[in-house]
Amino acid sequence: MLDVHTFVIIMYTVTVKTRKFRVTIDQNRCKGCLLCVAFCPKQVLEMEKAEARVAEPDACIGCLLCEILCPDFAISVNKIEEKHDA
Ligand code: SF4
Ligand code: SF4
């Protein structure tokens, strides 16, 4: 089984660095366990008043660790679709 560090490296490698991701935290579900903040490899998340919040949205690499680790299913990470002119 992959350890967390190896998982992050693989996800970062297969993710195009210029892609943008939107991290959403459902504050009604967050119990403030700190897991997402502790494991985010890019310090995107931080705690504020015992709840997680998105502090550095542009730094997200879309590794999904926060979404996977959150025990309360409070986080969703989605790729921001790029608009192309016709
Ligand atoms: S892992 Fe989930 S419950 Fe824990 S602080 Fe982060 S958002 Fe909140
Ligand atoms: S997907 Fe989650 S854990 Fe990964 S960089 Fe973005 S905010 Fe951090």
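Regarding the nonpolar core
Ranked by size, the top nonpolar core spans 14 residues in total, and within it Cys36, Cys40, Leu45, Cys66 and Ile75 carry the most contacts. Not counting residues within four places of it along the chain, the set of residues in contact with Cys40 comprises Leu45, Leu65 and Cys66.

Re unusual backbone geometry
We note that Leu34 has phi near 80 degrees; this positive angle belongs to a residue other than glycine. The residue Leu34 is located in the loop between strand S1 (21-25) and helix H2 (35-39) in this model. According to the C-beta neighbour criterion, Leu34 is exposed, with 12 such atoms within 10 Å. If you check the backbone angles, Lys49 has positive phi at about 50 degrees while not being a glycine. In this structure, Lys49 sits in the loop between strand S2 (45-48) and strand S3 (51-54). Given 7 C-beta atoms within 10 Å, Lys49 falls into the exposed group.

Rules used throughout
Residues numbered from 1 in each chain as written. Chains lettered and ligands numbered in written order. Predicted model: local features only at pLDDT ≥ 70, side-chain atom pairs only at ≥ 80, totals over all residues. Core = buried A, V, L, I, M, F, W, Y, C linked by C-beta atoms within 7 Å. Buried ≥ 20, exposed ≤ 12 C-beta atoms within 10 Å, placed from the backbone. Contact = placed C-beta atoms within 7 Å. Helix = DSSP H or I, 4+ residues; strand = E, 2+ residues; numbered from the N terminus.

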